[in-house]
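Observations on the three-dimensional arrangement
Here are the chains, one letter per residue:
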Protein chains: 2
Amino acid sequence: MTTGKTTTSRPSGSSRPERQRDPERTKAELLQIATEVFAQDGYSGARVDEIAERTSTTKRMIYYYFGGKEGLYLAVLENAYQGIRAAEQGLDVTGLEPVAAIRRLAELTYDYHVEHPEFIRLVSIENIHRGEFIRRIDALRSIANPAAALIDNILSRGRDDGSIRHDVDRIDVHMMISSYCVFQVANQHTFGHLFGRDMGDESMRPHHRAMIGDVIAAWVATPLVTAPR
Amino acid sequence: MTTGKTTTSRPSGSSRPERQRDPERTKAELLQIATEVFAQDGYSGARVDEIAERTSTTKRMIYYYFGGKEGLYLAVLENAYQGIRAAEQGLDVTGLEPVAAIRRLAELTYDYHVEHPEFIRLVSIENIHRGEFIRRIDALRSIANPAAALIDNILSRGRDDGSIRHDVDRIDVHMMISSYCVFQVANQHTFGHLFGRDMGDESMRPHHRAMIGDVIAAWVATPLVTAPR
DNA sequence: CCTCCTTTGAACTATCTAGTTCATACCTTA
DNA sequence: TAAGGTATGAACTAGATAGTTCAAAGGAGG
């Protein structure tokens, strides 16, 4: 089917203003732009050509370095999760009483989420796809989660000194905090529209931040008996 | 460019085994299948041809009744939201003390969410699109939300009898409950994978259901002073 | 400085997909 | 029962899109 396509445009000998060769830079740029575009439009919605156009390189490089759209998306996902892992490693609640520490942790988690909406969007997108991609990223399998470990540590201290109830585990706590923080970003458009509260409004942040702290603190400090006797 | 295409196949006179004519049924079937497919694959991921193939009618009808893919998606969204509105109208917490009532409401909300995952998926999808479609559905604009009204009612009673704190409003409460319930469904794939807890596991439901009840009850019943003096 | 491997560029193509067109059967109503 | 509107079917098409191919420039090693 090889039609004409005889001479490929560029007059031989013309000096190409070729970019400096730098594989790492090229890969990093593709990854960054791809992160933006996938977070913006979703996996199906994202266009490989658009990603390429927004970089200083070409679509060819996506196939050269990442194998294709799917490989690029996998790389984007992994990179994003490595980012939050790194951030979690920086969490510091030393010197606080257990309940205060867990309140602090909730508030810091809130901060991270509102500051990284594109990460939350990638997580949402991945869930729309039922986690089919993340499941295939070996690097994310069974890697200890810094935040969960920190929660575990706080809960232990609190149980020992009697300030925290015994029937909540680290996953419960992490799930509760994540639910709220993710929702703030992931569902802001429908919730904001239907209930008239713009969760993206910066002036609301102190209120929303304090809320998750209050909720978590009130919950974990609650004694087992729910009704006073 | 009108090429051949002279006689269009079917021999004239052949009796077509045509389906019973029933516009309402045709529209309803399209809407239902479209809901499944959009919830399954997202807006960009959904294929008009696939929707058509899974019905007993044809793609032509999508364009005839809904104008196109977008119109069909708008109809699906509106229909789904009308569904949850109707469900909320059936919520009943009469005869309960304010704190018990709000705990009950949280648990009933949890039940609805886990029983309607496809609705949650549509909400997630709509948020990926930044609410651009829902904003255009006039029927969903400023319609009173039954659940929010109910919360308002409970909070009033609780404030009057002193059992509920004064500094949380109905939107705060609704947001907190929704966060948790939506997360249970919307983020089950990534969370389950990364933390080893399958939120879809039915045996976990009583635990997860009780959790949001406990959290909300502990929170709204907390007195304003956070530290004892 | 010649050769070969790595990296990059630009055009090309097969396929998929939303949307359209033409044709026609059914049904209501006058 | 004739006519015109409504409902439905099947094939078609223009455009978009992921992926490929040809080609060549840069640099390293001999």
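**A few points about the overall build of chain A**
Counting its secondary structure elements, chain A contains 10 helices and 0 strands. Each helix and strand of chain A, ordered N terminal to C terminal, gives the series α-α-α-α-α-α-α-α-α-α. Within chain A, the fraction of its 229 residues that count as buried is 48%. Considering only contacts within chain A whose residues lie at least 6 apart along the sequence, 68% involve residues at least 24 apart. Of the accessible surface of chain A, which amounts to about 11600 Å², a share of 50% is contributed by carbon and sulfur atoms.

**Examining the packing of aromatic side chains**
Evaluation of the coordinates by the stated rule reveals 20 aromatic pairs over all chains. Ring geometry for A:Tyr64 and A:Tyr65: centres 5.0 Å apart, planes at 80°, overall edge-to-face. When the centroid spacing of 5.0 Å and the interplanar angle of 45° are considered together, the rings of B:Tyr43 and B:Phe133 count as tilted. Of this pair, B:Tyr43 sits in helix 1 (residues 23-45) while B:Phe133 sits in the loop between helix 6 (117-128) and helix 7 (146-161), and the two are 90 residues apart along the sequence. Considered together, B:Tyr43 and B:Phe133 belong to a single accessibility category, that of buried residues. Taken together, the aromatic side chains of A:Phe38, A:Tyr43, A:Tyr73 and A:Phe133 make up a single cluster linked through ring pairs. The positively charged end of B:Lys69 is found above the aromatic ring belonging to B:Tyr43, 4.9 Å away from the centroid.

**Here we look at the pattern of salt bridges**
All told, the structure shown has 28 salt bridges over all chains when counted by the stated rule. Note that B:Asp214 is salt-bridged to A:Arg165, the shortest N-O span being 3.3 Å. Taken together, the residues span two chains, with B:Asp214 in helix 10 (residues 205-221) and A:Arg165 in the loop between helix 7 (146-160) and helix 8 (170-186). Side by side, B:Asp214 and A:Arg165 carry an identical accessibility label, which is buried. Connected through shared salt-bridge partners, A:Arg103, A:Asp214, B:Arg165 and B:Asp167 make up one network.

**Things to note about the interface of chain B and chain A**
Facing 54 residues of chain B, the contacting portion of chain A comprises 54 residues. In this assembly, chain B packs against chain A so that about 4900 Å² is buried in total across both faces, 66% of it on carbon and sulfur atoms. The tally of links from chain B across to chain A stands at 6 salt bridges. Contributions of two or more residues to the side of chain B that touches chain A are made by helix 1, helix 4 (69-89), helix 6, helix 8 (170-186), helix 9 (188-195) and helix 10 of chain B. Top contributing element to the side of chain B that touches chain A by residue count: helix 8 of chain B, with 12 residues. Looking at the side of chain B that touches chain A, its residues break down into 22 nonpolar, 20 polar and 12 charged.

Reading guide: rules and limits
Counting restarts for each chain, with residues numbered from 1 along the sequence as it is written. The order in which chains are written sets their letters, starting at A; the order in which ligands are written sets their numbers, starting at 1. Side-chain atom pairs in this predicted model are given and counted only at pLDDT of 80 or more, local residue features only at pLDDT of at least 70, and totals for whole chains, interfaces and linings cover all residues. Note that water and hydrogens are dropped before the side-chain values are worked out from all heavy atoms of the structure. Numbered from the N terminus, helices here are DSSP runs of H or I no shorter than four residues, and strands are runs of E no shorter than two. Burial here depends on accessible area, computed with a 1.4 Å probe over protein chains only, as a share of the maximum for the residue type. Under 20% is buried, over 50% is exposed, and the range in between is partly exposed. Contacts between residues were defined by any pair of non-hydrogen atoms, one from each residue, lying within 4.5 Å. Values of accessible area rely on a 1.4 Å probe in the Shrake-Rupley scheme; residue burial ignores everything except the protein chains shown. Aromatic pairing here means that ring centres of Phe, Tyr or Trp (its six-membered ring) are within 6.5 Å. Orientation follows from the plane angle: under 30 degrees is stacked, over 60 is edge-to-face, and everything else is tilted. Placement of a charge over a ring requires the Lys NZ or Arg CZ to be within 6 Å of the ring centre, with the centre-to-atom vector within 35 degrees of the ring normal. Any Lys or Arg side-chain nitrogen located within 4 Å of an Asp or Glu carboxyl oxygen qualifies as a salt bridge. What counts as buried area is the accessible surface, traced by a 1.4 Å probe, that two parts surrender upon association, with contributions from both included. All amino acids are sorted into three groups, where Ala, Val, Leu, Ile, Met, Phe, Trp, Tyr, Cys and Pro are nonpolar, Asp, Glu, Lys and Arg are charged, and the leftover types, Gly among them, are polar.

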